[in-house]
Amino acid sequence: AVIVETASAQCPELVPQGKRIDDVVRRMMDVLKSMLLRLRPPGIDELGLVECLKALVSGWSGGGRTRFDLEITGDVGALSEPINVSIYRIVQECLTNVSKHAEASRVVIKVQRIAHSNGATRGDQIDIVVEDDGKIAGEAFAAAPGMGLIGMRERIAALGGELTLKPRPDKG
């Protein structure tokens, strides 16, 4: 807008180029805002992890042929901000993968915080389990080269954890 105003006042023949520049800058800002929202889950600071996960899973449940259920055990709401964001993104990617590939009619996402106390040391473990009644297509999904699985592996490794992918004996 400033470019167009300045061009109008000082060099009117540049107004069309100024409008194009202004349009490009607005689109770039929209893309940047969208990317920033994808990096940080909306509402996680205000609502907390549990409510954000409920909203995420509820969003996937609306209108499709797949039923998504969320089970949370332990004090998942009292984790640090980086862990909350990682858990949210991991669950989000799991939901995306199941929706794209499994053809499941039911998906259960379990997020569990397990407190361990071993003498003088104390540590917590977070388990995220996704179970579905869908199919496994093509190559074994644990070796699939998708960017989503790479991102999950990296997030989990950064937290000192491990990603285990395996089919259930009865499928899914």
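In what follows, the structure referred to is the one given above.
Residues numbered from 1 in each chain as written. Predicted model: local features only at pLDDT ≥ 70, side-chain atom pairs only at ≥ 80, totals over all residues. Heavy atoms only, no water.

1. A short note on the pattern of salt bridges
Pairing between side chains becomes possible if they bear opposite charge and their charged atoms approach one another.
Next, step 1: Here the structure, examined in full by the defined rule, presents 7 salt bridges.
Next, step 2: Residues aspartate 23 and arginine 27 are paired through a salt bridge, measuring 2.9 Å at the closest nitrogen-oxygen approach. Of this pair, aspartate 23 and arginine 27 both sit in helix H2 (residues 15-39), 4 residues apart, which is roughly one turn of the helix.
Next, step 3: Overall, arginine 27 belongs to the partly exposed group, its relative accessible area being 46%.
Next, step 4: Across the pair aspartate 69 and arginine 106 runs a salt bridge, and its minimum N-O distance is 2.9 Å. Here the residue aspartate 69 occupies a position in strand E1 (residues 67-73), and arginine 106 occupies one in strand E2 (residues 106-118), the gap between them amounting to 37 residues.
Next, step 5: Take aspartate 69: its relative accessible area is 18%, and that puts it in the buried class. (Salt bridge = Lys/Arg side-chain N within 4 Å of Asp/Glu carboxyl O. Helix = DSSP H or I, 4+ residues; strand = E, 2+ residues; numbered from the N terminus. Buried < 20%, exposed > 50% of the residue type's maximum accessible area, 1.4 Å probe, protein only.)

2. Some details on the packing of aromatic side chains
Next, step 1: Going through the model one piece at a time under the given rule, you end up with 1 aromatic pair.
Next, step 2: With a centroid separation of 6.1 Å and 55 degrees between ring planes, the pair formed by tryptophan 60 and phenylalanine 68 is classed as tilted.
Next, step 3: Classification of phenylalanine 68 by relative accessible area gives buried; the value is 7%. (Phe/Tyr/Trp six-rings, centres within 6.5 Å; stacked < 30°, edge-to-face > 60°.)

3. Considering the packing of helix H5 (residues 81-102) against helix H6 (residues 147-158)
Next, step 1: Two elements in contact, H5 and H6, have axes separated by 10 Å at closest approach and are oriented at 155 degrees. The angle between H5 and H6 falls in the class roughly antiparallel. Along this stretch, H5 crosses H6, giving a crossing that reads as left-handed. Here Val85, Ser86, Arg89, Ile90, Glu93, Cys94 and Asn97 of H5 come into contact with H6, specifically with Gly148, Leu149, Met152, Arg155 and Ile156.
Next, step 2: Considered class by class, the residues forming the contact of H5 with H6 number 6 nonpolar, 3 polar and 3 charged. (Axes fitted to C-alpha atoms, helices over the stretch in contact; angles between N-to-C directions. Parallel < 35°, antiparallel > 145°, perpendicular 65-115°, else oblique. Left-handed = near helix turned anticlockwise from the far one by under 90°. Contact = heavy atoms within 4.5 Å. Nonpolar A, V, L, I, M, F, W, Y, C, P; charged D, E, K, R; others polar.)

4. Examining the packing of helix H4 (residues 49-61) against H5
Next, step 1: Axis separation between H4 and H5 bottoms out at 10 Å; the angle between their running directions is 10 degrees. Between H4 and H5, the crossing angle belongs to the class labelled roughly parallel. As H4 packs across H5, the resulting crossing turns out to be right-handed. Seen from H4, the contacting residues are Leu49, Cys52, Leu53, Leu56, Val57 and Trp60; seen from H5, they are Asn84, Ile87, Tyr88, Val91, Gln92, Leu95, Thr96 and Ser99.

5. Regarding the nonpolar core
Looking at soluble globular proteins, one finds that nonpolar side chains tend to be buried together.
Next, step 1: Counting residues in hydrophobic clusters, the biggest one holds 19 residues, and the most contacted among them are Leu49, Leu53, Val91 and Ile109.
Next, step 2: Per-element tally for this core: the top contributor is H5, with 6 residues.
Next, step 3: Apart from the residues lying within four places of it in its own chain, the contact partners of isoleucine 109 are Val57, Phe68, Asp69, Leu70, Glu71, Val91, Leu95, Val129 and Val130.
Next, step 4: In this structure, Ile90, Cys94, Leu149 and Met152 belong to the second largest nonpolar core, which totals 5 residues. (Core = buried A, V, L, I, M, F, W, Y, C linked by side-chain atoms within 4.5 Å.)

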